[in-house]
Each structure stands twice: as C-alpha cells, then as structure tokens.
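# Reading the structure
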Amino acid sequence: GDGKITNSFILGKVIVAKDAVVANCIIDDSVDLIVDEGAVVCDCSIHPSMVGNVRCPVTVHIGKNSILFNVQSAEHITMGNDSIICYTQIHEVGNSYEPVQAKGVHVGNNVFIYGCYLRSYEEVAANARNAKVCIGDGSVLWLSRLVANDGVLDIGPDATVCDYNYAFRICRKGEGITNPPNANHDNGNAPLATFLGNMQ
C-alpha cells in the first residue's frame, strides 16, 4: 500500500494503506496484517496460532485511524475505526505457542483498551481450544483482566470495565470500599450490598 513501514521484522504479509504506519514490529510468518488509512501499529509482536506443531495462519485487520501499541497476540483480530489498544496481551499467547486456535477477537469502533489480559476459550479437542472475544462500540477497558472459559467473552457497547475499588469510589463520591460510611443506607447512591451484588 501507500503507507509506511519502518524498523520492523516482517515474514508475513503486510498491507498498509495511505497515511498508515507500521513501526518497530515483528510480523511473523503465516500472519496477514491489514492496516487501514491513518492507523498506527507500533511495537507489536504478532504470531500465528500453534495447535500442536501446526502453524495456524491469523489475520489482523486494523480499522481507520486506530492505534495498536505494544500488543502481543497470536489471534485473529478485527479492530474497528478510531479505537486504541495498548500494552495488551490477547489470550496471553505471544511467543508461548500455547495450543490455542482462535475464532477471533472483534473490537468495535471508538474502543479504548489499556493494560488488559483478555482470554476466552472452550475445549474443542484434547490439545486445542477455540477462543473468541467481542467488545462493542464505545467501550473502555482499563487495567483489566478478563477470563471466560468454555465460551465467548462478549462485552456490549458503551461498557466500562475497571478496578472495582476505583468504580466504588466513583459511585461513593471518593469513599473507598474499606468500611465506607453509610454503605448500607440509601443516601442517593446504591447501597453497598446492591452494588456488590451487581458487580459482575
């Protein structure tokens, strides 16, 4: 394409559209990386899935004006427009070559993911797993660790996922979760029991 590739180690196939950049990356064999207009992929390491000794090709498609920074993955990824993913391990695969064959990671538009470890898998054979993660438009995941076994991890649009104590302080106007005053009384905020009961 008409974009720019710099300081990268590429064994797979990379298509970079106009005004897009791939920099300081490792794109392994059996990886197809497609970068749409204005997107940036920087300091990333993308590898094929390994099932036993078999290399399973993966495709990573980054939407317009999105940013993928310091991400390690060996999974199919479809990323929407105007989204940001940084400092994230997707399925914690990276270079470990764990026996995972992904169904794919689908990230919507205007999504921000930072410092997350995302994983969802189901057993499909003795030494293989299927994994799939879907994150809806406008969602924010901040320093989160999400694990869902035996199925799909599906986060709807406009979701916010963060540390529960941080969320509690927001709901309680700065009060922490440790012995908060009036926690069991309704003073305009959700009672502690109600809040904790709806944590998931």
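Residues numbered from 1 in each chain as written. Predicted model: local features only at pLDDT ≥ 70, side-chain atom pairs only at ≥ 80, totals over all residues. Heavy atoms only, no water.

### Topic: the packing of aromatic side chains
- All chains considered together, the criterion is met by four aromatic pairs.
- Look at F69 and Y87: their rings are 5.3 Å apart centre to centre, the planes differ by 85 degrees, and that puts the pair in the edge-to-face class. Here the residue F69 occupies a position in strand β12 (residues 67–69), and Y87 occupies one in the loop between β15 (84–86) and β16 (89–90), the gap between them amounting to 18 residues.
- Ring geometry for Y114 against W142: centres 4.9 Å apart, planes inclined by 40 degrees, an arrangement best described as tilted. Placement of Y114 in strand β18 (residues 112–114) and of W142 in strand β21 (residues 140–142) is noted, with a sequence separation of 28 residues between them. (Phe/Tyr/Trp six-rings, centres within 6.5 Å; stacked < 30°, edge-to-face > 60°. Helix = DSSP H or I, 4+ residues; strand = E, 2+ residues; numbered from the N terminus.)

### A look at the side chain of T88
- With respect to the helices, strands and loops of the structure, T88 is situated in the loop between β15 and β16.
- A polar side-chain atom of T88 sits 2.9 Å from the main-chain carbonyl oxygen of C86. (Polar contact = N/O pair within 3.5 Å; in protein donor to acceptor, adjacent residues only side chain to side chain.)

### Topic: the nonpolar core
- L33 and L68 are the most contacted members of the largest nonpolar core, which has 35 residues in total.
- Counting only elements with at least two residues in this core, the list comes to β3 (13–16), β6 (31–35), β11 (58–62), β14 (77–79), β17 (101–107), β20 (128–135) and β23 (153–155).
- Once residues lying within four places of it in the same chain are set aside, the contact partners of L33 are K13, V14, I15, V22, I27, I46, V60 and I62. (Core = buried A, V, L, I, M, F, W, Y, C linked by side-chain atoms within 4.5 Å. Buried < 20%, exposed > 50% of the residue type's maximum accessible area, 1.4 Å probe, protein only. Contact = heavy atoms within 4.5 Å.)

### Structural notes on the pattern of salt bridges
- All chains considered together, the criterion is met by one salt bridge.
- With a closest N to O distance of 3.5 Å, D28 and R55 form a salt bridge. In this pair, D28 is assigned in the loop between β5 (26–27) and β6 and R55 in strand β10 (residues 54–56), connecting sequence segments 27 residues apart.
- For D28, a relative accessible area of 11% corresponds to the buried category. (Salt bridge = Lys/Arg side-chain N within 4 Å of Asp/Glu carboxyl O.)

### Description of unusual backbone geometry
- A positive phi is found at D82, a non-glycine position, where the angle reads about 55 degrees.
- Along the chain, D82 falls in the loop between β14 and β15.
- Positive phi values are uncommon outside glycine, yet D158 reaches one of about 60 degrees.
- Structurally, D158 can be placed in the loop between β23 and β24 (160–161).

### Digging into the pairing of β6
- Burial along β6 is one-sided: V31, L33 and V35 are buried, and none of D32 and I34, which face the opposite way, are.
- Bridge count between β3 and β6: four bridges; the pairing is parallel. Bridge pairing links I15 to I34 in β6.
- With five bridges joining them, β6 and β11 adopt parallel strand pairing. From the neighbouring strand, I34 faces β11, where its bridge partner is H61. (Pairing = 2+ DSSP bridges.)

### Focus on the sheet that holds strand β7 (residues 40–42)
- In spatial order, the strands read β1-β4-β7-β12-β15-β18-β21-β24; together these eight strands make up an open sheet with parallel pairing. Two strands close off the open sheet at either side, each with one partner strand: β1 (4–6) and β24.
- With three bridges joining them, β15 and β18 adopt parallel strand pairing. Note that in β18 the partner of I84 across the bridge is F112.

### Overview of the state of the cysteines
- Scanning the model with the defined rule gives zero disulfides in all.
- Free cysteine: C116, not disulfide-bonded; nearest cysteine sulfur from C86 at 8.9 Å. (Disulfide = S-S within 2.5 Å.)

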